Amino acid sequence: MDNRQAIGSWLSGPRATAEEMGVDFGYPGQQLGLPQSGPGSVARFGRRLGAVAIDWIGCQLIAYGLITHGDLRSAGNWTLLLFVTLSLLTVGTVGFTPGKRILGLRVISQNGGRLSLPRVVLRTVLLALVVPALVWDRDGRGLHDRLSGAVQVRI
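Along each chain, residues carry numbers from 1 onward, in the same order as the chain's sequence is written. Only residues with pLDDT of 70 or above have their local features reported here, since the model is predicted, and side-chain atom pairs are shown and tallied only from 80 upward, although totals for entire chains, interfaces and linings are computed over all residues. The side-chain values count all of the structure's non-hydrogen atoms but skip hydrogen atoms and water molecules.

Trainee: What should I look at first to understand the overall build of the chain in this one?
Mentor: The helix and strand inventory of the chain stands at eight helices and two strands. By the criteria applied, helices consist of DSSP H or I runs no shorter than four residues and strands consist of E runs no shorter than two, each listed in order from the N terminus. Put simply, the chain runs from its N terminus to its C terminus through helices and strands in the order α-α-α-α-α-β-α-α-α-β. Here's how the labels work: a residue is buried when its accessible area is under 20% of the maximum for its type, exposed when over 50%, partly exposed in between, all with a 1.4 Å probe on protein chains only. By the burial criterion, 33% of the 155 residues in the chain qualify as buried. Counting only contacts in the chain whose residues sit at least 6 apart along the sequence, the fraction spanning at least 24 positions is 59%. For the chain, the accessible surface area stands at approximately 9,300 Å², while carbon and sulfur atoms represent 64% of it. Note on definitions: a residue-residue contact is assigned when non-hydrogen atoms from the two residues lie within 4.5 Å. The accessible surface values rely on the Shrake-Rupley method and a 1.4 Å probe; as for residues, cover is taken only from the protein chains in view.

Right under this line is the structure:
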């Protein structure tokens, strides 16, 4: 084996190496019975990140301007509290936060229904911890979604 080929496979990661060996991973959401593209398909990472950024910035503006009146030291804690409250209330009732709605996303149960309140609470707590949201499976779901039985789809 040429050393350049070994380095290339190492840099490409295990998925690329497995695909070169003939392993078919399918598309994100295929195992969940979701379409490959369009409404109902698994939301991509960029959209999910954008939605979280919109929600976080909105909560930060409210915390900084309305609650702490410009006190940067306490604005961070208030931002997190507002973000958790926003997620619990909106995902628990309508299935999306303002950021998700703006970017055309919705949080649903794996079986296609609405998430129950305990699952919304679990998902939100894990999302607030940040790290579970940065670890995702081959369907593109973050660990917070996987453990709560949720999937973010396009609407």
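Trainee: I tried to follow helix α4 (residues 72-93) on my own but got confused; where do I start?
Mentor: The α-helix advances 3.6 residues per turn, and as a result positions three or four apart in sequence lie on the same side. An ideal rise of 1.5 Å per residue puts 32 Å on 22 residues; α4 measures up with 31 Å between its terminal C-alpha atoms. What α4 keeps buried is the set Ala75, Thr79, Phe83, Ser87, Thr90 and Val91. Buried residues of α4, seen end-on, are gathered within an arc of 105 degrees and therefore sit on one face of the element. For α4, the exposed residues lying more than 90 degrees away from the buried face are Arg73, Asn77 and Leu89. Buried residues in α4 make contact with α3 (45-67), α5 (98-102), β1 (105-109) and α6 (117-128). Two to three positions downstream of the cap, the backbone nitrogen of arginine 73 sits 3.3 Å from a side-chain oxygen, assigning the N-cap of α4 to aspartate 71. One or two steps after α4, the chain reaches glycine 95, where phi turns positive at roughly 90 degrees. Expected span, for any helix, means 1.5 Å times one less than how many residues it has. Each direction from the helix axis to a C-beta atom contributes to the arc, which is the arc of those directions. Polar contact criterion, stated in full: a pair of N or O atoms within 3.5 Å, where within protein one must be able to donate a hydrogen and the other to accept it, and residues adjacent in sequence count only if both atoms are side-chain atoms.

Trainee: Would you mind going over the side chain of serine 109 with me for this structure?
Mentor: Within the secondary structure, serine 109 is located in strand β1. Filtering out sequence-adjacent residues up to four positions away, serine 109 remains in contact with Arg114, Leu115, Gly149, Ala150 and Val151.

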